[in-house]
Amino acid sequence: MEIIDLKNWGLVNGDIPLGIVGPCSAETEEQVMETAKDLIHKNVHVFRAGIWKPRTKPGSFEGVGEPGLKWLRKVRDTYGLKVGTEVATDEHVRLALENEMDLLWVGARTTVNPFAVQEIADALKKYGGLDVPVLVKNPINPDLELWIGALERLNAVGVKKLGAIHRGFSTYEKIKYRNVPKWQIPIEFKRRLPNVPMICDPSHISGRRDLIFDISQTALNLEFNGLMIESHCSPDDAWSDASQQVTPKKAVEITEELHLRNHAADNSQTQRKINALRKQIDELDHRIIAMIAQRMDVAKEIGKTKKESNVAVLQVERWEEIIKDRHDMAISKGLSDEFTKKLFEAVHQESINNQDELMK
Ligand code: PEP
Ligand code: MN
């Protein structure tokens, strides 16, 4: 993919992270202007606001539509901030370009649908918008190929100022986050497409304003290229996503307190220490793999014995006993409940698969 470097998008100078801040939704002209005026800051480059809102349930606030674009233009004219919004259809693209948006993004509910992404790509070409930067949010389901495919569709029509936004993945389980981050997915994205800037959206990942700082810091530690943070002049009164929005003052404070990491440790003593620790990790990982393989061999042995005496593969009481014992031990060693469960479920599933294979 031919991608233009983020530095040449006309939004941010140098290597500092791109800051995109603004309300989930544009609600009224006053709310938009009131929020924007306190976001004039060196770390904020683009003022964001949703104009058309994709909502899970009908009847929720679905955005103010076209008039909101005029308010965004007013923000740019009055405060000098660049402005951007989400587009999902040909009509959105037409109106956004007519109103000279500086940045567009494709929402998580749109990235999942190749027809919709293609419609956006074709509209960008049709209405002369190929030079406008476009960011593609990850699809709501953890599907890396679908995410990359959406960028490929845009790139194929000629969009070269292309970036990605990591906003977490929808889950049925009740967890701490509104959308699980699954950091390995954006990391793998960066490995596959190293020239595409990766922006983190800690607001949609967390769903809670108190987690925004920590998620942002994790993203910067992972060398993300920017942040998209939802901010509202009166967060609790927001018409959408109230619990995850912060005041403009707080948003700016978050960007000021974040610590930017260097790409590689700058002094050789630090580098040596990191290298030595990495060797230890390599060594430990090799041992983990060898021991799991050994465990599978034992499981197969059990499988053979079960087959000979015609015993069922899964024995629920035994499994419950394992879970309890390993869980208690792992917790006492400081491992998390969630990790322990996942680890042993995966190990157990692999054992069952092995035994099942033997039974055939
Ligand atoms: C948004 O940015 O307000 C939004 C709707 O986000 P997402 O597409 O990530 O759900
Ligand atoms: Mn939102």
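Check the entry above for the structure.
Read on for an overview of the structure.

About the cut-offs
Residues numbered from 1 in each chain as written. Chains lettered and ligands numbered in written order. Predicted model: local features only at pLDDT ≥ 70, side-chain atom pairs only at ≥ 80, totals over all residues. Heavy atoms only, no water. Phe/Tyr/Trp six-rings, centres within 6.5 Å; stacked < 30°, edge-to-face > 60°. Helix = DSSP H or I, 4+ residues; strand = E, 2+ residues; numbered from the N terminus. Buried < 20%, exposed > 50% of the residue type's maximum accessible area, 1.4 Å probe, protein only. Near = heavy atom within 4 Å. Polar contact = N/O pair within 3.5 Å; in protein donor to acceptor, adjacent residues only side chain to side chain. Areas by Shrake-Rupley, 256 points an atom, 1.4 Å probe, with all protein chains shown as cover. Nonpolar A, V, L, I, M, F, W, Y, C, P; charged D, E, K, R; others polar. Core = buried A, V, L, I, M, F, W, Y, C linked by side-chain atoms within 4.5 Å. Contact = heavy atoms within 4.5 Å.

## Concerning the packing of aromatic side chains
Moving on, step 1. In this structure the tally under the stated criterion is three aromatic pairs.
Moving on, step 2. Where Trp 183 meets Phe 224, the ring centres are 5.7 Å apart and the plane angle is 75°; that geometry is what we call edge-to-face. On the criterion of sequence distance, the pair formed by Trp 183 in the loop between strand 6 (162-166) and helix 7 (184-192) and Phe 224 in the loop between helix 9 (212-221) and strand 8 (226-230) is long-range, its members being 41 residues apart. Both residues of the pair, Trp 183 and Phe 224, belong to the buried class.

## Notes on the site of ligand 1
Moving on, step 1. In the vicinity of ligand 1, the contacting residues are Cys 24, Arg 48, Lys 53, Glu 86, Trp 105, Gly 107, Ala 108, Arg 109, Lys 137, Arg 167, His 204 and Glu 230.
Moving on, step 2. Measuring from an oxygen atom of ligand 1, one finds a side-chain N or O atom of Arg 48 at 2.7 Å.
Moving on, step 3. Measuring from an oxygen atom of ligand 1, one finds a side-chain N or O atom of Glu 230 at 3.2 Å.
Moving on, step 4. Bound to the protein, ligand 1 loses 97% of the 300 Å² it would expose on its own.
Moving on, step 5. Its residues assigned to classes, the shell around ligand 1 shows three nonpolar, two polar and seven charged.

## Digging into the nonpolar core
Moving on, step 1. Membership of the largest hydrophobic core comes to 66 residues, with the highest contact counts inside it found for Phe 47, Leu 124, Trp 147, Leu 154 and Phe 189.
Moving on, step 2. The element contributing the most residues to this core is helix 6 (residues 144-157), with seven residues.
Moving on, step 3. If we skip the residues at most four places from it in the chain, Trp 147 touches Thr 111, Val 136, Lys 137, Asn 138, Pro 139, Ala 164, Ile 165, His 166, Ile 185, Pro 186, Phe 189 and Met 198.

## Observations regarding helix 9
Moving on, step 1. Restricting attention to buried positions, one finds in helix 9 the residues Ile 212, Ile 215, Ser 216, Gln 217, Ala 219 and Leu 220.
Moving on, step 2. Contacts from the buried residues of helix 9 go to strand 7 (198-200), helix 8 (202-206), strand 8 and helix 10 (248-257).
Moving on, step 3. Looking one or two residues beyond helix 9, the residue adopting positive phi is Glu 223, at roughly 65°.

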